[in-house]
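# Notes for the structure review
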Amino acid sequence: MSEIKKFRLTCIVCPLGCTVEVTMEGDRITGVEGFTCPRGKDYAIQEIREPKRIVMSVVKVRGGRFPTVAVKSDRPVPKELIPAIMKKLAEVEVEAPVSVGQVIVENVLGTGANIVATREA
Ligand code: SF4
């Protein structure tokens, strides 16, 4: 018989912050409790199976008013790829002017997410 483990998560999909408990037997999810709406259940399963996060960072700007510009991913990326994405962003330098929403890196590391500017520079 597989070991039973319980994971307690805080759903971050909306400000209510429900506590969701996921039960696993071995690799199988056998129960999800505590969510108030289906989005919470989906979030908890995703968080256990393949956690994702929005990446926020800065990249260098050449010829701008400031030496860097704030950027973020336009969708969540797998959490385990975040160190590699940060390393890639440390090597990126863009030419001013930079506009809000401008794609700085397309399909970063094949994740399907674009890195976009969140400020002008
Ligand atoms: S379970 Fe639903 S209501 Fe609760 S925090 Fe998540 S999204 Fe909000």
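Overview of the structure. (Residues numbered from 1 in each chain as written. Predicted model: local features only at pLDDT ≥ 70, side-chain atom pairs only at ≥ 80, totals over all residues. Heavy atoms only, no water.)

### Remarks on the sheet that holds strand β2 (residues 19-25)
The strand order across the open sheet formed by three strands is β1-β2-β3, and the pairing between neighbours is antiparallel. Edge strands, defined here as strands with exactly one partner in the open sheet, are β1 (4-10) and β3 (28-33). Put simply, the sheet's adjacent strands are angled 25° from each other on average, direction ignored. Alignment of β2 against β3, held across five bridges, turns out to be antiparallel. Paired with V22 across the strands is V32, a residue of β3. Contacting β1, β2 and β3, helix α1 (residues 38-49) runs over the sheet at an angle of about 145° to β3. (Pairing = 2+ DSSP bridges. Helix = DSSP H or I, 4+ residues; strand = E, 2+ residues; numbered from the N terminus. Axes fitted to C-alpha atoms, helices over the stretch in contact; angles between N-to-C directions. Contact = heavy atoms within 4.5 Å.)

### Focus: the site of the ligand
For the ligand, the full set of nearby residues is C11, V13, C14, L16, G17, C18, F35, T36, C37, R39 and G40. Looking at side-chain class alone, the shell around the ligand contains seven nonpolar, three polar and one charged residues. (Near = heavy atom within 4 Å. Nonpolar A, V, L, I, M, F, W, Y, C, P; charged D, E, K, R; others polar.)

### A few points about the environment of P83
Position of P83 relative to the elements: it lies in helix α2 (residues 82-90). Looking at P83, the relative accessible area reads 57%, which means it is exposed. Put simply, P83 and V55 are 28 residues apart on the chain and 9.8 Å apart in space, counted from C-alpha to C-alpha. (Buried < 20%, exposed > 50% of the residue type's maximum accessible area, 1.4 Å probe, protein only.)

### What to know about the nonpolar core
Soluble globular proteins tend to pack their nonpolar side chains together in the buried interior. Ranked by internal contacts, the top residues of the largest apolar core, which has 19 residues, are V59, L89, I104 and I115. At the level of secondary structure, the elements contributing two or more residues to this core comprise β5 (56-62), β6 (68-73), α2, β9 (103-105) and β10 (115-117). The element contributing the most residues to this core is α2, with three residues. Discounting residues that sit within four places of it in the chain, I115 has contacts with V71, K72, S73, I85, L89, Q102, V103, I104, V105 and V108. (Core = buried A, V, L, I, M, F, W, Y, C linked by side-chain atoms within 4.5 Å.)

In short, geometric facts, not functional conclusions.
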